[in-house]
Amino acid sequence: MKLSFLLCSLSEKEVFYFKDFKIKSITDDSRDIKENSLFVAIKGEKFDGHSFIQEAIKKGASCIVVEDKKYIGEDFTFILVPSSRRALSQLASAFFGNPGQSLEIIGITGTNGKTTTVFLIEEIFKKASFSIARFSTIGHRIGDCDIPTLLTTPPPLEMFKLLLKAKNEGAKFVVMEVSSHGLSLERVSGIKFKQAIFTNLTQDHLDFHKTFENYLLAKKSLFLSLSKKSSAFVNIDSFFYKKIISGIKARIITYGIENNADIKASDIKENADGISFSIKGERINTRLYGTYNIYNCLAAISCALTNGISFDVIKETLSNFKPPAGRFEVIWKKPFVVVDYAHTPDGLSCVLKAGLSLKPKRIILVFGCGGNREKEKRPIMGKIASDLSDIPIVTSDNPRDEDPEMIMEEIEQGIKKAYLRILNREEAIKKAIELADKDDLVLIAGKGHEDYQIIGNKRIPFSDKKVALGILKEMQSF
């Protein structure tokens, strides 16, 4: 692809020593540079791509994108931009043929609920015979192909490869989780979203964003990017509803339970089989648990109705819908054993309240907090565990580079009742199950679908679900 064509995709640029090379690849990793590559120098948290410019030239790069004029040398093609990250996303879109232009892309952002809402929309649209691809924390799905991922929102080069694959597979829609990291790091700057959903906003990722205001602004940026022809589906019960909708151009559709909304749930009922509710006289039955999942359903229903899908299709899909892996996933009934991804204060509170709605004799909770993440939430999660569970068991959860004993001590500052501390996560799960009577609920929180533990810089295979099932089956055999 000619450089001149690629440069048309950049909203702001200054070109130096232009030569219209044929660009064969784009990369922001100097290790991947080949002959006639375009290298985008990005300032990262650990490395500054500008330090590798000479290496890129030696390896055969034809053009360098920079965001600092001091790096521009003579007799070589440099492109100066305000943001290298934004430029990478725009260039990646152009390089892969702007696949997003022929797709209806639905973005979902918020602290909690993104994954379940993505899966709900995917299933409803498929039931309505709409061709749809899904990008999520748990993994991507395009056609019949499941694609694993390590990031909620893929980096631009991966993102636009996936969008091109979705287009080539005949998808009309793409529904995707859009994380605050993805928005702040401008991974989606090259995407024109047709629809966007706001689930909720509570404390998370302050280790990255530094302030809650920055976190809010990152989420809001998705809605500010929408055009007048776009639709924004917003949780009207969220404390941040007005801040999210302020200044956006898109048509706003509200959903909620407490306040008057375009799509409002009423006559809510919860039991051991799931939750049910009414919308405009239509009764919706689901196999999901917890009030928070009603909000996820409302977001998906709002989106589906706006896209012309009937209530009959929606009702049938929701009645058969199983939660995604690790999202209040019931893996055993007596005792009730649940695996959930809840790793934020609000997430933990929501799943514990969902557990309480099932009226168990006791709730036995296994949980921890990740290392190298905001420390402020640790005692808060300890207090929530203390308030809403009967037997809190504090354990290790992806300690990364931190001492897991220190993490547990910080959690324990918020616990005001008797609790257990068991460093080994497998032993903690085993103890919880051993303590449980048939009428108890065991909640194993924090890792959900993850099949690893991050200790230091290593990912060690570990699955809460597999460990718990192994223990339960072994106990059953005696």
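Residues numbered from 1 in each chain as written. Predicted model: local features only at pLDDT ≥ 70, side-chain atom pairs only at ≥ 80, totals over all residues. Heavy atoms only, no water.

Colleague: Please explain the side chain of Asp237 as it appears in this structure.
Modeller: Tracing the backbone through its elements, the reader meets Asp237 in the loop between strand 12 (231-235) and helix 9 (241-245). One buried charged residue, Asp237, forms no salt bridge at all, with the nearest opposite charge on Lys264 at 7.5 Å. Within polar-contact distance, the side chain of Asp237 engages the backbone nitrogen of Ile257 at 2.6 Å. Excluding its chain neighbours within four sequence positions, the residues that come into contact with Asp237 are Tyr255, Gly256, Ile257, Glu258, Asn259 and Tyr295. (Helix = DSSP H or I, 4+ residues; strand = E, 2+ residues; numbered from the N terminus. Buried < 20%, exposed > 50% of the residue type's maximum accessible area, 1.4 Å probe, protein only. Lys, Arg positive; Asp, Glu negative; His and termini not counted. Salt bridge = Lys/Arg side-chain N within 4 Å of Asp/Glu carboxyl O. Polar contact = N/O pair within 3.5 Å; in protein donor to acceptor, adjacent residues only side chain to side chain. Contact = heavy atoms within 4.5 Å.)

Colleague: Hey, could you run me through the layout of surface pockets in this one?
Modeller: Of the voids in this model, the second largest pocket is the one considered here, and its volume is about 420 Å³. If you go around the second largest pocket, you meet 18 residues; those closest to its centre are Ser93, Ser189, Gly190, Ile191 and Lys192. For the lining of the second largest pocket, the element with the most residues is helix 3 (residues 84-95), which contributes 4 residues. Here the lining of the second largest pocket is composed, by residue class, of 5 nonpolar, 9 polar and 4 charged. (1 Å grid on protein atoms, 1.4 Å probe; cavity = no way out; pocket = protein on both sides within 12 Å on 5 of 7 lines; lining within 4 Å. Points joined across faces, edges and corners; volume = space filled by probe spheres on them. Nonpolar A, V, L, I, M, F, W, Y, C, P; charged D, E, K, R; others polar.)

Colleague: Honestly, the side chain of Thr117 in this entry has me stumped. Any pointers?
Modeller: On the secondary structure map, Thr117 appears in helix 4 (residues 114-127). Under the relative-accessibility criterion, Thr117 is labelled buried at 0%. Only 3.4 Å separates the side chain of Thr117 from the side chain of Asn296, close enough to count as a polar contact. Beyond its immediate stretch of four places on either side in the chain, Thr117 contacts Ile108, Ile197, Thr199, Asn296, Ala299 and Ala300.

Colleague: What should I look at first to understand unusual backbone geometry in this one?
Modeller: Apart from glycine, the bulk of residues carry a negative phi angle, and the bulk of peptide bonds sit in the trans form. Between Lys334 and the following residue, Pro335, the backbone shows a cis peptide bond with an omega angle of 0°. The phi angle at Asp267 is positive, at roughly 50°, despite the residue not being glycine. Along the chain, the position of Asp267 falls in strand 15 (residues 266-271). The backbone of Asn398 sits at a positive phi, close to 45°, despite the residue not being glycine. Turning to its location among the elements, Asn398 is positioned in the loop between strand 21 (391-394) and helix 14 (404-412).

Colleague: Quick question: what am I supposed to make of the packing of helix 3 against helix 5 (residues 156-168) here?
Modeller: Each pair of packed helices gets described by two things: the angle between the helix axes and the distance between those axes. Relative orientation of the contacting elements helix 3 and helix 5 amounts to 25°, with a least axis distance of 9 Å. Judged on the interaxial angle alone, helix 5 and helix 3 are roughly parallel. Crossing geometry of helix 3 relative to helix 5 is assigned as right-handed. Residue-level contacts link Leu88, Ser89, Ala92 and Ser93 of helix 3 to Pro156, Leu157 and Phe160 of helix 5. (Axes fitted to C-alpha atoms, helices over the stretch in contact; angles between N-to-C directions. Parallel < 35°, antiparallel > 145°, perpendicular 65-115°, else oblique. Left-handed = near helix turned anticlockwise from the far one by under 90°.)

Colleague: Any chance you could explain the environment of Ala342 here in plain terms?
Modeller: In this fold, Ala342 is placed in the loop between strand 19 (336-340) and helix 12 (345-357). Between the alpha carbons of Ala342 and Arg327 there is a distance of 8.1 Å; along the sequence they are 15 residues apart. Those residues within four positions of Ala342 in sequence are excluded, and the remaining contacts are Gly347, Leu348, Val351, Ala445 and Gly446.

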